[in-house]
Amino acid sequence: MAALDAIDDKKKRHEGALNALESFILNTRIHLETEEYIAAGSESERESLNSALNKGADWLDEFGFTADTDELEKQLKTLVDGAKALLKRVDEHRNRPEALGGLEKGLEGSKKFLAMAENQTKSVPEDERVFTEIEITTLKKTIKDTEVYFIFTGSKHRSLRVLF
Amino acid sequence: MKKVKEQAAIPLSENPKLTIKSIVEKMATLDREVKYLINKAKNWRPPKKAKEDKKGESSLFFIPG
């Protein structure tokens, strides 16, 4: 029984590797046609990735069913490594608007909090102040830094949403 | 700030200088700062005076978010 299980496992792993390679080639080819990927990769980068995928597909046709699991996995890894930079960039562009949106919300909340903190500081005698001057100044500075960072990125990067 | 300005100018097909990681880090710095102060406000009690203050003082701040 154990021997049969082992054979079964081996078969499954082989099938898994074959499927993974096939679907990576297929999906990446489809993705490469999308606006998102076209924008995120230079023409030469996309061409070289495409030709690597074509090569991979040819290899798969010829050796796919006879290749052992290790070979299949190696093929996939080579293709994934070659596509990594582009995939990363797509991911960055895709998630940037949301990250900046989160930062914007965080800024709003912090500013409200700062206003209340300053208000409390002004309205009570010194020994009843919750925050020290340094704490208020530090928060102000952090907000300012973040704001400058945000303003420089904001308008430009939010417009990317239109593209995607 | 230089990085940020540069990012606005570089095409999408080049690796971003303004990374998600850097945005998240900025957010975390701000968040840490505010949380620290909120926590301080929560645990803060007015100094005892000669005459008794009102007991059970309510929270001084509306906590955002």
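So, how was this worked out
- Residues numbered from 1 in each chain as written.
- Chains lettered and ligands numbered in written order.
- Predicted model: local features only at pLDDT ≥ 70, side-chain atom pairs only at ≥ 80, totals over all residues.
- Helix = DSSP H or I, 4+ residues; strand = E, 2+ residues; numbered from the N terminus.
- Rg over C-alpha atoms; globule rule 2.2 N^0.38 Å.
- Contact = placed C-beta atoms within 7 Å.
- Nonpolar A, V, L, I, M, F, W, Y, C, P; charged D, E, K, R; others polar.
- pLDDT = per-residue confidence, 0-100.
- Expected span 1.5 Å × (residues − 1).
- Buried ≥ 20, exposed ≤ 12 C-beta atoms within 10 Å, placed from the backbone.
- Arc of directions from axis to C-beta.
- Axes fitted to C-alpha atoms, helices over the stretch in contact; angles between N-to-C directions.
- Parallel < 35°, antiparallel > 145°, perpendicular 65-115°, else oblique.
- Left-handed = near helix turned anticlockwise from the far one by under 90°.
- Core = buried A, V, L, I, M, F, W, Y, C linked by C-beta atoms within 7 Å.

(A) How the structure looks around the overall build of chain A. Broken down by element type, chain A carries 6 helices and 0 strands. In chain A, the succession of helices and strands from N to C terminus is α-α-α-α-α-α. Here the C-alpha radius of gyration of chain A, 27 Å, is well above what a compact globule of 164 residues would show, namely 15 Å. Along the three orthogonal principal directions, the C-alpha set of chain A runs to about 85 × 50 × 20 Å.

(B) Just the interface of chain A and chain B, in detail. Contacts between chain A and chain B engage 37 residues on the former and 32 residues on the latter. Contributions of two or more residues to the side of chain A that touches chain B are made by α2 (35-40), α4 (69-123) and α5 (133-158) of chain A. The leading source of residues in the side of chain A that touches chain B is α4 of chain A, at 18 residues. Residue composition of the side of chain A that touches chain B, by class: 16 nonpolar, 13 polar and 8 charged.

(C) View of the confidence of the model for chain B. Confidence in the prediction of chain B, expressed as mean pLDDT, is 76, and 60% of residues score 70 or more. Both confidence scores are given for the complex: pTM 0.72, ipTM 0.74.

(D) Structural context of helix α3 (residues 43-63) of chain A. All names here are of chain A. The end-to-end C-alpha distance of α3, which contains 21 residues, comes to 30 Å, matching closely the 30 Å that a straight helix rising 1.5 Å per residue would cover. Among all positions in α3, only L49, L53 and G56 are buried. Burial along α3 is one-sided: seen end-on, the buried residues are contained in an arc of 60°. Exposed residues on α3 whose side chains face more than 90 degrees from its buried face are E43, S44, E47, S51, N54, D58, D61 and E62.

(E) Spatial organisation of the packing of helix α1 (residues 2-32) of chain A against α4 of chain A. Residues and elements named next belong to chain A. Close contact between α1 and α4 brings their axes to 9 Å; oriented N to C, the two are set at 25°. Of the possible angle classes, the one that applies to α1 and α4 is roughly parallel. Seen along the crossing, α1 lies across α4 with a hand that is left-handed. In this structure, α1 contributes R13, H14, A17, L18, A20, L21, F24 and T28 to the contact, and α4 contributes T69, L72, E73, Q75, L76, L79, V80 and A83.

(F) Up close: the nonpolar core. Counting 12 residues, the largest nonpolar core consists of A17, L21, I25, Y37, A40, L49, L53, L72, L79, A83, L86 and V90 of chain A. A total of 5 residues in this core trace back to one element, the largest contributor, which is α4 of chain A. Residues contacting L49 of chain A, with those up to four places away along its chain left out, are L32, G82, A83 and L86 of chain A. Among the nonpolar cores identified, the runner-up in size contains 11 residues, and L100, L103 and A117 of chain A together with V34 of chain B belong to it.

(G) Quick peek at the environment of L21 of chain A. All names here are of chain A. Position of L21 relative to the elements: it lies in helix α1. A sequence separation of 13 residues divides L21 from D8, and the C-alpha atoms of the two residues are 20 Å apart. Setting aside residues no more than four positions away along its own chain, L21 makes contact with L60, L72, Q75 and L76.

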